[in-house]
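# What the coordinates show
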Amino acid sequence: MASEPRRAVLLGGAHGTVALARSLKAAGLEVWFLTDDTNIACFSRAVGRVVRWCGAGHPLALRALEEVADANSLRGSILIPAGDAEVRLVAEAHERLSSRFVVLTADWSQLRWACDKALAYERAASLGLGVPRVYDAAQIADVSQLQYPLVLKPAMRRQRNRLADAKAWQVNDWTEFGALYKAAAELVGDDNVIVQQLIPGGGENQVSYAGVWNSGEPVVSFTARRLRQYPVDFGYTSTFVETVRLDDVSLAAETFLRSIRHHGLVEVEFKRDPRDGSLKLLDVNPRPWSWLSLAAAAGIDLGAAIACIASARPVPDMRAREGVAWLFLLRDLVALAQLHGLAAVPTCAASWRRVRAAAAFAWTDPLPGIVDLPLTVMRVLGRRFKTGPR
């Protein structure tokens, strides 16, 4: 049996990081949080130590991470990247970091198939899974071949910019395409722009598979449905999610994840095409996701599962309860108002009776939720008044 890790080191992230820290602490682990900015995870009681470092985008990030480990006796700790840049840093240096940590993610040769949307769609299509129609360079050059409406989005989020923050831009006709495609290419590089057909329907058509994997096999998992998102057209974040059994979603996600021998945390997003009911892969997120706290509320102990994986112990059997909901309150209020109008919000909010988990707040750990309140207001107002392509 492997030695029992006493600590978990989380790199980056936000709401999902807070939820994971709480779960890991409940499993008996001391949680360290490495960050290059100030976010809500810094204020959580579940985080035993906050360490400032240069961040995953710094050219000396890998050396800095190793120095933190050596200076603080973190050898043997579980290392969990919780942001996109951190995932790539750790995966690309997987072998090197494994000499110091128990690394809870796969090597980049496997993980790139999840992180790069273009590669993910290619792999999914080869497995017979549904994907949105994606246009190649020749078709993009001949705009007469494009069928609108379209979506422009980055294959990988390499840095923050208008397109990465928005997640996607909708293109309604050929008169918009040229200017928006040029703007997207200038922001993320033309080789990193995906041009795909828009799948009709809103957030209510999006479903997810989430859990923890160990060396190509699922350890614990559950499925959920996104009832609402903010913004309502292309959701930057979920605002209301509930657990529901979706066998076809599990089958599709596990087919994909087995093909890349996934290891670690994962959330796989699909959209159900209302035209024929088929599932289309949207994203694979091999890191903590925003509504991760829904897992514990539904009876899935991710922290305990991770601790068992790291120490080579059997993971207890877990089944998610159906009909349990997670809420991002302020953003859900805005989403409800946009969808149904302010007058309908009290009636629509009846769905909140199923809520058992919040985005940041917990009665036993209230400060992250309190700190997040004004930050969320500023982000919502910032998105509302920000200029740029929609």
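Our next topic: the environment of Ala 360. Positionally, Ala 360 belongs in the loop between strand E15 (355–358) and helix H15 (367–385). Of the residues examined, Ala 360 reaches a relative accessible area of 5% and is grouped as buried.

Let us now look at the sheet that holds strand E2 (residues 30–35). The five strands are arranged E3-E2-E1-E4-E5 in an open sheet whose pairing can be described as parallel. Edge positions in the sheet fall to strand E3 (47–52) and strand E5 (102–103), since each of these pairs with one other strand and no more. For strand E1 (residues 7–11) and strand E4 (residues 78–81), the ladder comprises four bridges, and the chain directions are parallel. Residue pairing for E4: Leu 11 is matched across the bridge by Pro 81.

This part covers the packing of aromatic side chains. Inspection of every chain in the model, using the stated rule, returns five aromatic pairs. Considering the side-chain rings of Phe 177 and Tyr 181, the 5.5 Å spacing of their centres and the 20° angle between planes classify their relative orientation as stacked. In this pair, Phe 177 and Tyr 181 are both assigned in helix H9 (residues 174–188), four residues apart and thus about one turn of the helix distant. Through pairs of rings, three or more aromatic residues link up here, namely Phe 222, Trp 289 and Trp 291. A cation sits over an aromatic face here: Arg 123 above Trp 113, 4.3 Å from the ring centre.

The subject of this paragraph is the nonpolar core. Ranked by internal contacts, the top residues of the largest apolar core, which has 46 residues, are Leu 24, Ile 80, Leu 265, Trp 291, Leu 302 and Ile 306. When contributions to this core are tallied by element, the ones reaching two or more residues are E1, helix H1 (15–26), E2, E4, strand E9 (206–214), strand E10 (217–230), helix H11 (293–297) and helix H12 (302–310). Among the elements that make up this core, the one with the highest residue count is H12 (six residues). With residues near it in sequence (within four places) discarded, Ile 306 still touches Leu 20, Leu 24, Ile 78, Ile 80, Leu 104, Val 212 and Leu 265. In this structure, Ala 120, Leu 129, Ala 252 and Val 284 belong to the second largest nonpolar core, which totals 26 residues.

With respect to the helices and strands, Asp 116 occurs in the loop between helix H5 (108–115) and helix H6 (117–126). Asp 116 sits in the buried class, given a relative accessible area of 15%. Ignoring anything within four residues of it in the chain, the contact list for Asp 116 reads Ala 155 and Met 156.

What counts as what
Residues numbered from 1 in each chain as written. Predicted model: local features only at pLDDT ≥ 70, side-chain atom pairs only at ≥ 80, totals over all residues. Heavy atoms only, no water. Helix = DSSP H or I, 4+ residues; strand = E, 2+ residues; numbered from the N terminus. Buried < 20%, exposed > 50% of the residue type's maximum accessible area, 1.4 Å probe, protein only. Pairing = 2+ DSSP bridges. Phe/Tyr/Trp six-rings, centres within 6.5 Å; stacked < 30°, edge-to-face > 60°. Lys NZ or Arg CZ within 6 Å of the ring centre and 35° of its normal. Core = buried A, V, L, I, M, F, W, Y, C linked by side-chain atoms within 4.5 Å. Contact = heavy atoms within 4.5 Å.

The values reported here are purely geometric and, on their own, carry no functional implication.
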